[in-house]
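Analysis of the macromolecular model
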Amino acid sequence: ILTISILVSGKYNNVKKCLDSIQPILNQVPSELILTDTGCDTEVRNLIERYSDNIIDFNWIQDFSAARNAGLMRAKCLWFMYLDDDEWFEKPEQMLEFFKSGEYKKYKSARYVVRNYHNMQGTIYDDAVVARMVRLEPKTKFYGKIHEYIEPYQLPLKDFTDYVHHYGYV
């Protein structure tokens, strides 16, 4: 039902938190995990190989859409979700219910929250609702070298209050 695609090049602890946070989804919803290696060190590469054998080696060319499209082209499921390796879900409970109940059949896209922290203590942050889940269509594609976005992004739209932690702006 769901492809989860992640660009990976970051720090070991962040990547591990990210991958651990999606395990409830991978374990309870028919899904696949695609990891796009955009420049992992050996330690991170060894880590991601423990989570998935569906790894794309991508030579980073300063273009987020190109890297995301590499994962998108390999996606085989009805729905596609993407996130970054420095983001991790608190509890993806609404997403789990969405897919397990069959509610996903009524929608074409969905959004969840990214909690962007501005200090390491986690006391200053802002929440952004992000459009990162779509039902795959033949024309689905990423656009934009930086701050990439996915199209088509169609209605009806499901909003989740499930959120990921993101310390990338600290």
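Our structure's up above, just so we're on the same page.
The rules behind these values
Residues numbered from 1 in each chain as written. Predicted model: local features only at pLDDT ≥ 70, side-chain atom pairs only at ≥ 80, totals over all residues. Heavy atoms only, no water. Helix = DSSP H or I, 4+ residues; strand = E, 2+ residues; numbered from the N terminus. Rg over C-alpha atoms; globule rule 2.2 N^0.38 Å. Buried < 20%, exposed > 50% of the residue type's maximum accessible area, 1.4 Å probe, protein only. Contact = heavy atoms within 4.5 Å. Areas by Shrake-Rupley, 256 points an atom, 1.4 Å probe, with all protein chains shown as cover. Pairing = 2+ DSSP bridges. Axes fitted to C-alpha atoms, helices over the stretch in contact; angles between N-to-C directions. Core = buried A, V, L, I, M, F, W, Y, C linked by side-chain atoms within 4.5 Å. Salt bridge = Lys/Arg side-chain N within 4 Å of Asp/Glu carboxyl O. Polar contact = N/O pair within 3.5 Å; in protein donor to acceptor, adjacent residues only side chain to side chain.

1. As for the overall build of the protein chain
When you go through the protein chain residue by residue, the secondary structure sums to five helices and 10 strands. Taking 170 residues into account, the globule formula puts the C-alpha radius of gyration at 15 Å, and the protein chain, at 15 Å, falls close to it. Taking the principal axes of its C-alpha atoms as reference, the protein chain extends roughly 40 × 35 × 30 Å. When the 170 residues of the protein chain are sorted by exposure, 50% land in the buried category. Taking the intrachain contacts of the protein chain between residues at least 6 apart in sequence as the baseline, contacts between residues at least 24 apart amount to 68%. When the accessible surface of the protein chain is split by element, carbon and sulfur atoms take 48% of a total near 8,700 Å².

2. Some details on the sheet that holds strand 7 (residues 125-135)
Here eight strands make up an open sheet; going across it, the order is 3-2-1-4-7-6-10-5 and the pairing mixed. Only two strands of the sheet have a single partner each, and these edge strands are strand 3 (55-57) and strand 5 (87-89). Each strand of the sheet is rotated relative to its neighbour by a mean of 30 degrees, with strand direction disregarded. Examined bridge by bridge, strand 6 (residues 109-117) and strand 10 (residues 157-166) share seven bridges and lie parallel to one another. Residue R111 lies in a different strand from strand 10, and its bridge partner there is D159. Those strands touched by helix 5 (residues 93-100) are strand 1 (2-8), strand 4 (79-84), strand 5, strand 6, strand 7 and strand 10, and its axis lies near 140 degrees from that of strand 10.

3. A short note on the nonpolar core
With 34 residues, the main nonpolar core has I4, I6, I48, W79, M81, Y112 and M133 as its most contacted residues. Discounting residues that sit within four places of it in the chain, I4 has contacts with I22, I25, L26, E32, L33, I34, M81 and L83. Residues L7, A67, F80 and I150 belong to the second largest nonpolar core, which totals 13 residues.

4. So, the pattern of salt bridges
One pass over the full model with this rule turns up 10 salt bridges. The salt bridge involving R111 is made with D159; its shortest N-O contact spans 2.6 Å. Placement of R111 in strand 6 and of D159 in strand 10 is noted, with a sequence separation of 48 residues between them. What makes R111 partly exposed here is its relative accessible area of 26%.

5. Structural notes on the side chain of E148
Looking at the secondary structure, you find E148 in the loop between strand 8 (141-143) and strand 9 (149-151). Classification of E148 by relative accessible area gives buried; the value is 15%. Reaching out from E148, the side chain makes a polar contact with the side chain of R68 at a distance of 2.7 Å. Among residues more than four places away in sequence, those in contact with E148 are F64, S65, R68, Y82, F142 and Y143.

6. Here's the deal with the side chain of H165
Note on placement: H165 falls in strand 10. Here H165 falls in the buried class, since its relative accessible area comes to 10%. A distance of 2.7 Å separates the side chain of H165 from the side chain of Y117, its partner in a polar contact. Not counting chain neighbours up to four residues away, the residues in contact with H165 comprise D86, E87, W88, E90, R115 and Y117.

Nothing here speaks to function; it is all geometry.
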